[in-house]
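Architecture at a glance
These are the residues of each chain, in order.
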Amino acid sequence: MNLQRRLLPNTAALAAFEAVARLGSFTAAARELDLTQGAVSRQIALLEEQFGRRLFERDSRNVRLSTAGEIYAEAVRSALGLLRDAALGLMSNRHSGVLNLAILPTFGTRWLMPLIPDFVARHPDITINFATRISRFDFARERLDAAIHHGMPDWPDADCTLLMRETVMPVVSPEFLASRKIATPADISRLPLLHMATRPGAWSEWFEAQSLSAPTGPGMQFEQFGTVAQACMAGLGVALLPEILIAGELQRGQLVPAPGLPMQSRSAYYLVVPHDKRGHPPVASFRNWLLGQVEKEPAVLAW
């Protein structure tokens, strides 16, 4: 067998290997692939013969990856994912391709999604696949082309394009405000504070901006702003929320400002593009469109 052929096993064998590696069972892999257990075993045996390395350790009850198999499984999983994405893009869009975009849950739902029909109308040949991410991730491992990120412009091996700054303000429900004496920012420090897990220092920054010491007691923590807003409307405490994401609740009177000045966050919203995706046409088209949307009044949202 020549070297080139040896380094490129057939996809059926790779699919069988990936399934067994993921499921930890020849029987489960055969069931998933609609093959016999013997057929799966033969595919694995062919791979091991082709490479001259044992990929699995077997005993009477279990099968587990060898050290070499663990390393190879990670690469195969990524390669098969790329092939699936390429096939999906080829079948769904013959011209411009696919954009795999990571978005923040609340920002994506409330700010971006109402605008996306305009992008689709302008770029009907680009298919966008959305994934929700609330923290940093590995672009290559996740097979994502770009991300809308809140934080600092320091994502490794990526370009960070500023989209917009953010102003946060303390808010409560009208009933919560009416049932408690809240006349000054200092009064807020004695109330239950609702925290975002991804922004652990936000309240400390706000109290510092008010020339006050932040309370040290614990408070409820949440992973998404939408959940924090719901908890705040339910009267569970005071939330520090971005004005742009709660404009609807403020307009409808479901949330009201608490005493204290709004504060511009130290972090901001960025479009993050890994260096190896800068030349990807769907990424370039989306970036140009998104910056055009940001140039318009960002606080005017479609609620």
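In short, a report on the structure. (Residues numbered from 1 in each chain as written. Predicted model: local features only at pLDDT ≥ 70, side-chain atom pairs only at ≥ 80, totals over all residues. Heavy atoms only, no water.)

**Focus: the overall build of the chain**
The helix and strand tally for the chain stands at 14 helices and 13 strands. Over its C-alpha atoms the chain spans a radius of gyration of 26 Å, topping by over 25% the 19 Å that the globule rule assigns to 303 residues. For the chain, the spread of C-alpha atoms along the three principal axes comes to 80 × 50 × 30 Å. In the chain, which comprises 303 residues, the proportion classed as buried is 43%. Residue pairs in contact within the chain that sit at least 24 positions apart in sequence constitute 74% of those at least 6 positions apart. Counting every atom, the chain has about 16,400 Å² of accessible surface; 53% of that belongs to carbon and sulfur. One finds the centroid of the 30 positive side-chain charges in the chain at a distance of 4 Å from the centroid of its 29 negative side-chain charges. (Helix = DSSP H or I, 4+ residues; strand = E, 2+ residues; numbered from the N terminus. Rg over C-alpha atoms; globule rule 2.2 N^0.38 Å. Buried < 20%, exposed > 50% of the residue type's maximum accessible area, 1.4 Å probe, protein only. Contact = heavy atoms within 4.5 Å. Areas by Shrake-Rupley, 256 points an atom, 1.4 Å probe, with all protein chains shown as cover. Lys, Arg positive; Asp, Glu negative; His and termini not counted. Charge placed at Lys NZ, Arg CZ, Asp CG, Glu CD.)

**Describing the pairing of strand E3 (residues 97–103)**
Burial within E3 is extensive, with 7 of its 7 residues counted as buried. In terms of strand pairing, E3 meets strand E4 (residues 126–132) through 7 bridges, oriented parallel. Bridge pairing in E4 links Ile103 to Thr132. As paired strands, E3 and strand E5 (residues 146–151) are joined by 2 bridges and run parallel to one another. By the bridge assignment, Ala102 is partnered in E5 with Ala147. (Pairing = 2+ DSSP bridges.)

**Observations regarding the environment of Pro105**
By secondary structure assignment, the location of Pro105 is in helix H6 (residues 105–112). Here Pro105 falls in the buried class, since its relative accessible area comes to 16%. In the structure, Pro105 is positioned 29 residues away from Ile134 in sequence and 7.3 Å away in space, judged by C-alpha atoms. In this structure, Pro105 is in contact with Thr132, Arg133, Ile134 and Gln224, ignoring residues within four places of it in sequence.

**Quick notes on the packing of aromatic side chains**
Inspection of every chain in the model, using the stated rule, returns 15 aromatic pairs. Ring geometry for Trp203 and Trp206: centres 5.7 Å apart, planes at 90°, overall edge-to-face. Linking Trp203 with Trp206, this pair stays in helix H11 (residues 202–209), spanning 3 residues, or about one helical turn. Taken as a pair, Trp203 and Trp206 share a single burial class, namely buried. Following the ring pairs from residue to residue traces out a cluster consisting of Phe17, Phe26, Phe51, Phe56 and Tyr72. Against the face of Phe176 rests Arg180, its NZ or CZ located 3.9 Å from the ring centre. (Phe/Tyr/Trp six-rings, centres within 6.5 Å; stacked < 30°, edge-to-face > 60°. Lys NZ or Arg CZ within 6 Å of the ring centre and 35° of its normal.)

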